[in-house]
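# Coordinate inspection notes
This is what each chain is made of:
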Amino acid sequence: IEVLNPPPDACDPEEWKTFFETILESECTDNHVVLCSIALNNQELIHHLAECRRLLLKLELMTPLGVKFDKENIDDVVNEIPIPPLWKRILCCASDPNKILSKIKFHEEQIKELSKADFDARKVFITFETEQAQRKAFELLDASGWEIMHNRGKDDRYRFRGETVLSVIEPDEPSAVRWQELNTPRKERICGALITTLISFGLIGGAGCLVYLARKLATAWQAVTIAAINIVTPLVCKILTKYESHARDGDLQASIYIKTTVFRWVITALAPAIVTPFADTASNADKSLLDGVRAIFIAEIWRVPLLAILDIIGNFRRHFLGPRAPDQRRMNLHFQGAHYNLGERYTEMTKILFYTFFYAVLFPTGFFYAFAGLVVLYWSDKFSLLRHWKQGPAIGDQISELSRSYFFGLALLAYGIFGSYHWAGFPFDNSCVTTEVISEEYIGTHNAITAGDEEVKITLSADNVNMKFCSQDMMRFSPIAFPALSRYQKEGEEYMTLEQERIVNLYGWLSIAILAVVAVIFLRRLVFNGLRNLFCHTYKPRGEATDIGFSEVREIFGYIPSIQVRGFQYPLLTCDLSGLKHTGLIGWKDPGVPYSEHNIIYDLPKADETLVTCEEEKSESAEGDCTKLFSIVKEWAD
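Report follows, based on the coordinates. In this convention, every chain numbers its residues from 1, walking through the sequence in written order. Given that the model is predicted, a residue must reach a pLDDT of at least 70 before its local features are reported, and side-chain atom pairs must reach 80 or more before they are shown or counted; all residues, however, enter totals for whole chains, interfaces and linings. For side-chain calculations, the full set of non-hydrogen atoms in the structure is used, while hydrogens and water are omitted.

### Topic: the pairing of strand S12 (residues 631-635)
Note on classification: 1.4 Å probe, protein chains only; a residue is buried when its accessible area is under 20% of the maximum for its type, exposed when over 50%, partly exposed between these limits. Labels follow the DSSP assignment, with helices taken as runs of H or I lasting at least four residues and strands as runs of E lasting at least two, numbered in each case from the N terminus. Of all 5 residues that make up S12, 4 are buried, and the element is covered over most of its length. A pair of strands is labelled paired if DSSP reports no fewer than 2 bridges between them. Pairing of strand S2 (residues 33-40) with S12 involves 4 bridges; the strand directions are antiparallel. Bridging from a neighbouring strand, Leu-35 pairs with Glu-635 of S12. The pairing of strand S11 (residues 575-579) with S12 spans 3 bridges and is parallel. Among the inter-strand pairings, Cys-575 is bridged to a residue of S12, identified as Ser-631.

Pasting the structure below:
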């Protein structure tokens, strides 16, 4: 159970254990609490400690052979490190050791100031011995958002300290919790998401311009450009999300998924339709839209397996950088495997589906291309999962929920709406037949140039009639014709055949039906569920509870606060582990190295009088400060 609103001073694990076991005492036979993790709002202190550790590692890796790296005499060590030449600093981004030292001293000053503060409890994770106890606790503490906001609606027995109505949820797996960003204020999260979203829209516009310029050259160049953009898009979205704050890996990957999906849908499907002139939609010209659609399908089918098999970056690291690494630590980093993002993998699938549905009327063969593309995607991802990728965090169902609830519905909506407009646009030549016979001066054989710059001969006879311009692009009607129905043809410019009018009307009303269904789904998810959570008790257990106890499972992990820092093979621990009896709950083990070496709470300057030491062999007098500076983990054996 995760408690979202603990009292700020509730930093004693024993108090939480007593509260939960008391309310469950008469409700279930086994009410034992196994583990309690209390996360404090000390993210700024942890940030400076982690930066110090990272910069010290950077200096250590720059230290010449034969020079002992001594943290206590860091100034002397820096004097022994040669300053990189200018060309190396420009081309290789080499760092000046003196600048690194200045940054370290800055962070140390910040640490000294922050270590004098008291930090409040922001999140509490409670682990029970049995699943029955967890479910019963959820039933007893389940409260609506209104009750939580106004702190009422619950008996005093089920209030923490008889005062606070707790807001409890079922958390993601321990490996999916982003402890450094767990306590970021909501306002800061929203601002970060808005800024990155605006930047994403700007990048989508720039990428669309590239597609337009590539189409001027040839449809093949347009397909290559789109494939290249699809390769770069996930990297750009990952960089953007670094400026966002997410409490869980599932939320982070969902953000990447949304940005990447919108980016790829617009560039792969919408951009070619926008930059291609209407008359070139189904023409025989080299730059027709249909040729571009086929080229994009082929490029996307080959792109995924080619990148998976080549694994250029991975092979370069394993076969070139790894063997040439100066020490074991850096060599191990090159053999970790590539990090994969589940949101990006979902995007590959939804992009193919959306592209197929978008052009289903114009290019029905696309369903066969989509089948081939999905099969290739499955086998290439399976190959990468077993050969290249490293194990990722056990995230929740955020991405699958987004796909089922929103993106699949939007893909079907695109099929209905754009299918109706494509049927209405046939024969895509913006010309209508009149009853006027051609003038005598046009009778005969003439030379003409096609849209593909080919010279042809055209013979006109006396029984030919004149043609006139009539717009067939209903999407560009003013006002726009929605849904696409035959009755929206302009008076005197009717161009549809009877059969075409029937199928246009069928697709038009079908698009309205799909729109209504999708709108209901969206309203249910966005509005109804929000109102229900605000005014109703919403907890419902999923599946059957098992009789297997927490302590009976060998490979099971606890909620141990830690952060991942670039350059370190293992996470850095950020909590007091003096109350942890089984270190197997941490989830990883560095052979031959104690966990204290990976715990940054011991990086506090020894000269500072607020230094805390929380292991059992340290003085117990510092325990009070420890609860105020760093997150606490406490385990109780059954």
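### Quick look at the environment of Pro-6
Within the element layout of this structure, Pro-6 appears in the loop between strand S1 (2-3) and helix H1 (13-23). The class for Pro-6 is buried, based on a relative accessible area of 8%. The contact rule is simple, with two residues in contact once any of their heavy atoms fall within 4.5 Å. With sequence-adjacent residues up to four places away left out, Pro-6 is seen in contact with Trp-16, Ala-121, Arg-122, Lys-123 and Val-124.

### Topic: helix H16 (residues 398-425)
The span one expects for a helix is its residue count, reduced by one, times 1.5 Å. End to end, H16 covers 39 Å across 28 residues, agreeing with the expected 40 Å (1.5 Å per residue, within 8%). The buried fraction of H16 amounts to 20 of the 28 residues, a majority that puts the element mostly inside the structure.

### A short note on the packing of helix H14 (residues 342-358) against helix H15 (residues 366-387)
For helices, the fitted line uses only the C-alpha atoms of the stretch in contact; every axis is such a line through C-alpha atoms, and the angle between N-to-C directions lies from 0 to 180 degrees. Viewed as axis vectors pointing N to C, H14 and H15 meet at an angle of 175 degrees, and their least axial separation amounts to 9 Å. Judged by the angle between their axes, H14 and H15 are roughly antiparallel. On the side of H14, the interface is formed by Arg-345, Glu-348, Met-349, Ile-352, Leu-353, Thr-356 and Phe-357, while H15 contributes Gly-366, Phe-367, Ala-370, Gly-373, Leu-374, Leu-377 and Asp-381. Polarity classes work like this: nonpolar for Ala, Val, Leu, Ile, Met, Phe, Trp, Tyr, Cys and Pro, charged for Asp, Glu, Lys and Arg, and polar for all others, with Gly in that last group. Taken together, the residues that form the contact of H14 with H15 break down as 8 nonpolar, 3 polar and 3 charged. Angle categories: roughly parallel below 35 degrees, roughly antiparallel above 145, roughly perpendicular from 65 to 115, and oblique for all the rest.

### Some details on the state of the cysteines
Working definition: a disulfide is two cysteine sulfur atoms within 2.5 Å of each other. Summed over all chains, the structure comprises 1 disulfide. Covalent S-S linkage joins Cys-432 and Cys-470, the inter-sulfur distance amounting to 1.8 Å. Between Cys-432 and Cys-470, the disulfide has an S-S torsion of 90 degrees and is therefore right-handed. One end of the pair, Cys-432, is in strand S5 (residues 431-437); the other, Cys-470, is in the loop between strand S8 (465-469) and helix H17 (498-535), and 38 residues separate them in sequence. The buried category is assigned to Cys-470, whose relative accessible area is 0%. No disulfide involves Cys-11; its sulfur sits 10 Å from the nearest other cysteine sulfur, which is in Cys-36.

### Notes on the pattern of salt bridges
The salt bridge definition used is simple: a Lys or Arg side-chain nitrogen within 4 Å of an Asp or Glu carboxyl oxygen. Applying the stated rule across the entire model yields 29 salt bridges. Arg-215 is the salt-bridge partner of Asp-280, the closest N and O atoms lying 3.4 Å from each other. One end of the pair, Asp-280, is in the loop between helix H10 (249-275) and helix H11 (289-310); the other, Arg-215, is in helix H8 (residues 186-217), and 65 residues separate them in sequence. In terms of burial, Asp-280 and Arg-215 fall into one category: buried. Residues joined by salt bridges that share partners form a network here, namely Arg-264, Glu-300, Arg-303, Glu-348 and Lys-351.

### Concerning the sheet that holds S11
The strand order S4-S1-S3-S2-S12-S11 describes an open sheet built from 6 strands, whose pairing is mixed. Where the open sheet ends on each side, the last strands, each with one partner, are strand S4 (168-169) and S11. Alignment of S2 against strand S3 (residues 121-128), held across 7 bridges, turns out to be antiparallel. Of the residues in S3, the one forming a bridge with Ile-38 is Val-124.

### Concerning the environment of Pro-326
Structurally, Pro-326 is set in the loop between helix H12 (312-321) and helix H13 (328-334). Among the residues examined, Pro-326 registers a relative accessible area of 61% and is labelled exposed. On a C-alpha basis, the gap between Pro-326 and Leu-61 in space is 8.9 Å, while along the polypeptide they are 265 residues apart.

### What to know about a nonpolar patch on the surface
Nonpolar side chains (Val, Leu, Ile, Met, Phe, Trp, Tyr) within 5 Å and like charges within 9 Å form the patches, drawn only from residues with over 30% relative accessible area and no salt bridge. Reported accessibility uses the Shrake-Rupley method at a 1.4 Å probe radius. Residues are deemed covered only where the shown protein chains occlude them. A grouping of Trp-146, Met-149, Leu-523, Leu-526, Val-527, Leu-531 and Phe-535 is seen on the molecular surface, where their side chains present a nonpolar patch of about 730 Å² in accessible area. Within the residue set of the nonpolar patch, elements represented by two or more residues are helix H7 (145-150) and H17. Examining the composition of the nonpolar patch, we find that 5 residues originate from one element, H17, more than from any other. The residue Phe-535 is located in helix H17 in this model.

### Regarding the packing of aromatic side chains
Two aromatic rings from Phe, Tyr or Trp, using only the six-membered ring of Trp, form a pair when their centres are within 6.5 Å; if the ring planes differ by under 30 degrees the pair is stacked, by over 60 it is edge-to-face, and anything between is tilted. Summed over the entire model, instances satisfying the criterion amount to 34 aromatic pairs. Between Trp-16 and Phe-160, the aromatic rings sit 3.9 Å apart at their centres with planes inclined by 15 degrees, giving stacked as the arrangement. Of this pair, Trp-16 sits in helix H1 while Phe-160 sits in the loop between H7 and S4, and the two are 144 residues apart along the sequence. Note on accessibility: Trp-16 and Phe-160 belong to one class, buried.

### Section: the nonpolar core
Trp-16, Phe-20 and Phe-128 are the most contacted members of the largest nonpolar core, which totals 58 residues. Residue assignment for this core shows that the elements contributing at least two residues are H1, S2, helix H2 (43-62), helix H3 (74-80), helix H5 (97-114), S3 and helix H6 (131-141). The element contributing the most residues to this core is H2, with 9 residues. The residues contacting Phe-128, other than those within four sequence positions of it, are Ile-1, Phe-20, Leu-24, His-32, Val-33, Val-34, Ala-133, Gln-134, Ala-137 and Phe-550. For our purposes a nonpolar core is just a set of buried Ala, Val, Leu, Ile, Met, Phe, Trp, Tyr and Cys residues, chained together by side-chain atoms within 4.5 Å. In this structure, Ala-254, Trp-265, Val-293 and Ile-399 belong to the second largest nonpolar core, which totals 35 residues.

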